[in-house]
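Descriptive analysis of the structure
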Amino acid sequence: MLAFLGAIICIIASVHPAGTAAPAAAAPAADNDSAAAALLPAADKGLGALHGPAEALASAGPRLPGGPPPPLFSRFVCTPLSAECPATGTGTGPGPEELLALRSAAAQLRRTALEQKERIRMDQETIRELTGKLSRCEGGLRNPPAAAAAPPAAAAAGLRAAPRPGTMGHPPAEPPAVRELEEAVRALQDRIDRIEQELPARTNSSAPTAPALARDTLHTKMEQLEEQLLSKILTLQKERQAASTDRSQQQHNIEKELNSLQNRVTELEHGPPGYSPPDAFKVTIPVQNNYMYARMKKSLPELYAFTICMWLKSKALAGLGTPFSYSVPSQANEIVLLEWGTNPLELLINDKVAQLPLSLKDKAWHHVCVAWTTRDGKWSAYQDGEQRGAGENLASWHAIKPQGVIILGQEQDTLGGRFDATQAFVGELAQFSVWDHMLAPAEILGLANCTSHLQGNVIQWDDQAVEVFGGASKGGFTACEEGRKA
């Protein structure tokens, strides 16, 4: 490069800027090359000697006004030069100002050459960086497109094929190598953009890539963890239910022991009791809550008809509450006698309702019976031996399910539990009995006026068959004597 610059400086210094105008005017018969050289400025004649008059005219700028159009040439004329720069003469050599201008031009050319070299180096580094990025992008694709399969060496080959800056036909201000570098950079950028746009579509249509497989593995592990967590939750729920059952059983045993002790203390306080029949007792529930109740130890078989009778005395201020309820695993309201709030007294069978026209809120003893048969769902209700209501289509052709739980004083929302204090019975209960058929009206009247001692053939009122819980208590009771006192 320095040798080339030296040659340029020698060429410029060997030409006299003012001595060429006269020969150009005095030689009209000269050839086209000499005429073209005569029109060039002094500073450009050295270049004309190297590139030929046509190239010099192309770089000489606009032509002179009024002059002939510049001729077009397609060949180069090489002018032989001496090996060394000629010494300046006394009469024809350049002056100090011209030498200073030539030195400035040479320095400018040197800076331009250095800048072009630095720019080429930077462009080469940019191409290497983009080529590496392109290689990484293409390496991530399983089937790269054919158009994009050209090796990065093509860009390097194009770079090597570019002409060197400063050669013939390429002025130093805009070398073809720079343009080709820019075009190569743009081509690489276009290829990278196309690959990045096609990458998502190919990822969806082709076989799963590494990120997709990683996501699938992650989803599988999450599902396994969810299954394990659900299993743990179910196990904890079962353990909690088991613990709750154990606590309920312990509470039941404690209450049973307390009741036994209370009964024993009562006996000791009143002396040895005299003989009393096993059905001569009543259950007292003094407060409306969800934990005082009595439970029958015996359950019901499958029934297609029944009669349930009992003595009761309500102390509630509003509704009667629930004198009794029978629940089975599949139906909490299999048989329920309920008066809740301002609603009338209702008989529920398999969650079907019939309203009973009975009045039991005078805080006196009353004998109550309800009878039902599955045939056409016929039912009847009795108060103190008299029939007060009857009807049909109450759970027609339904069979009462067996193996349930009978609770006195509470309404069951689940089998044997989940009581509601607002539906609790407050008062006294006695002589709860169940038959597997509909009793005749005369039989019910005999039970109500104490002329009959008919016992239930399914459930009998017996002290050993009734358990009390939560503060409910047992006491002596004689039906006719209590009825006369009331």
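Cut-offs and rules
Residues numbered from 1 in each chain as written. Predicted model: local features only at pLDDT ≥ 70, side-chain atom pairs only at ≥ 80, totals over all residues. Heavy atoms only, no water. Helix = DSSP H or I, 4+ residues; strand = E, 2+ residues; numbered from the N terminus. Buried < 20%, exposed > 50% of the residue type's maximum accessible area, 1.4 Å probe, protein only. Contact = heavy atoms within 4.5 Å. Areas by Shrake-Rupley, 256 points an atom, 1.4 Å probe, with all protein chains shown as cover. Disulfide = S-S within 2.5 Å. Pairing = 2+ DSSP bridges. Axes fitted to C-alpha atoms, helices over the stretch in contact; angles between N-to-C directions. Core = buried A, V, L, I, M, F, W, Y, C linked by side-chain atoms within 4.5 Å. pLDDT = per-residue confidence, 0-100. Salt bridge = Lys/Arg side-chain N within 4 Å of Asp/Glu carboxyl O.

1. Observations regarding the overall build of the chain
Of regular secondary structure, the chain possesses eleven helices and 14 strands. Here the chain holds 486 residues, and 35% of them are scored as buried. The long-range share in the chain, meaning contacts at least 24 apart out of those at least 6 apart in sequence, stands at 69%. In the form shown here, the chain has an accessible surface area of approximately 28,700 Å², with 56% of it arising from carbon and sulfur atoms.

2. A closer look at the state of the cysteines
Enumeration according to the criterion identifies one disulfide in this entry. The residue that forms a disulfide with Cys309 is Cys369, at a sulfur-sulfur distance of 2.0 Å. What sets the handedness of the Cys309 and Cys369 disulfide is the S-S torsion sign, and at about 120° it is right-handed. With Cys309 in strand E3 (residues 305-314) and Cys369 in strand E8 (residues 366-373), the pair connects residues that are 60 residues apart, well separated along the chain. For Cys309, a relative accessible area of 2% corresponds to the buried category.

3. Considering the sheet that holds strand E2 (residues 293-296)
Spatially, seven strands are ordered E7-E6-E5-E4-E11-E2-E13 in an open sheet, and the strand pairing comes out antiparallel. Strands at the two margins of the open sheet, each flanked by one partner only, are strand E7 (352-355) and strand E13 (466-469). For this sheet, the mean inter-axis angle between neighbouring strands, taken without regard to orientation, is 20°. In the sheet, strand E4 (residues 321-328) pairs with strand E11 (residues 405-408) via four bridges, with the strands oriented antiparallel. Paired with Tyr326 across the strands is Ile406, a residue of E11.

4. Side note on the sheet that holds strand E12 (residues 427-435)
What links the strands of a sheet is backbone hydrogen bonding, and the strands pair in either a parallel or an antiparallel sense. Taken together, the seven strands give an open sheet; going across it, the order is E10-E9-E8-E3-E12-E1-E14, and neighbouring strands pair in antiparallel fashion. Bordering the open sheet on either side are strand E10 (386-391) and strand E14 (473-476), each of which pairs with just one other strand. Put simply, the sheet's adjacent strands are angled 25° from each other on average, direction ignored. Strand direction decides the pairing type here: E8 and strand E9 (residues 379-383), joined by five bridges, are antiparallel. Paired with Val368 across the bridge in E9 is Gln383. Here helix H10 (residues 441-448) sits on the sheet in contact with E3, E8, E9 and E12, set at roughly 155° to E8.

5. With respect to the pairing of E8
The element E8 is largely enclosed, with a buried count of eight among its eight residues. Neither face of E8 is exposed, since His366, Val368, Val370 and Trp372 on one face and His367, Cys369, Ala371 and Thr373 on the opposite face are all buried. Here E8 hands over to E9 after five residues, with Asp376 in that stretch at a positive phi of 65°.

6. Here's the deal with the environment of Ser380
In this structure, Ser380 sits in strand E9. According to the relative accessible area criterion, Ser380 is buried, its value standing at 7%. Once you skip the residues sitting within four places of it in the chain, Ser380 turns out to touch Cys369, Val370, Ala371, Gln387, Gly389, Ala390 and Met438.

7. A word on the nonpolar core
Core analysis: the biggest nonpolar cluster contains 45 residues, and Leu300, Leu356, Leu408 and Phe432 have the highest contact counts within it. Broken down by element, the residue count for this core peaks at four residues, all from E3. Once residues lying within four places of it in the same chain are set aside, the contact partners of Leu300 are Tyr326, Ile335, Pro402, Gln403, Ile406, Val434, Val458 and Ile459. With ten residues, the next largest nonpolar core counts Leu130, Leu134, Ala184 and Ile195 among its residues.

8. Digging into the environment of Glu182
Mapping Glu182 onto the fold places it in helix H8 (residues 176-205). In this structure Glu182 comes out as partly exposed when scored by relative accessible area, which is 29%. Expressed as a C-alpha distance, the spacing of Glu182 and Asp123, which sit 59 residues apart in the sequence, is 7.8 Å.

9. Considerations on the confidence of the model for the chain
For the chain, the average pLDDT comes to 74, and 65% of its residues sit at 70 or higher. Confidence drops under a pLDDT of 50 for residues 81-91, and excluding neighbours within four residues, the segment shows five contacts in the predicted structure. Confidence drops under pLDDT 50 across residues 144-172; counting only partners more than four residues distant or on other chains, this segment forms 30 contacts.

10. Things to note about the pattern of salt bridges
If you walk through the whole model with that rule in mind, you get six salt bridges. With a closest N to O distance of 2.2 Å, Arg121 and Glu118 form a salt bridge. With Arg121 and Glu118 both in helix H6 (residues 96-139), this residue pair falls three residues apart, about one helical turn. Residue Arg121 is classed as partly exposed on the basis of its relative accessible area, which comes to 37%. Of the residues examined, Glu118 reaches a relative accessible area of 35% and is grouped as partly exposed. In this structure, Lys282 and Glu428 form a salt bridge, with 3.2 Å as the shortest nitrogen-oxygen distance. Note that Lys282 is positioned in strand E1 (residues 281-285) and Glu428 in strand E12, a separation of 146 residues in sequence. Relative accessible area serves as the criterion here: at 8%, Glu428 is assigned to the buried category. Each of Glu118, Arg121 and Glu125 takes part in a single network of salt bridges with overlapping partners.

11. Some words on H10
Listed in full, the buried residues belonging to H10 are Ile444, Gly446, Leu447 and Ala448. Where the residues of H10 are buried, they touch E3, E8, E9 and E12. Of the residues one or two after H10, Cys450 is the one with positive phi, at around 65°.

12. Things to note about the pairing of strand E5 (residues 331-339)
Summarising burial for E5: nine of the nine residues are buried, a large majority. Pairing of E4 with E5, which is carried by five bridges, proceeds in the antiparallel orientation. Bridge pairing in E5 links Val328 to Gln331. The turn joining E4 and E5, which pair antiparallel and follow one another in sequence, is formed by two residues. In terms of strand pairing, E5 meets strand E6 (residues 346-349) through four bridges, oriented antiparallel. Among the inter-strand pairings, Val336 is bridged to a residue of E6, identified as Leu348.

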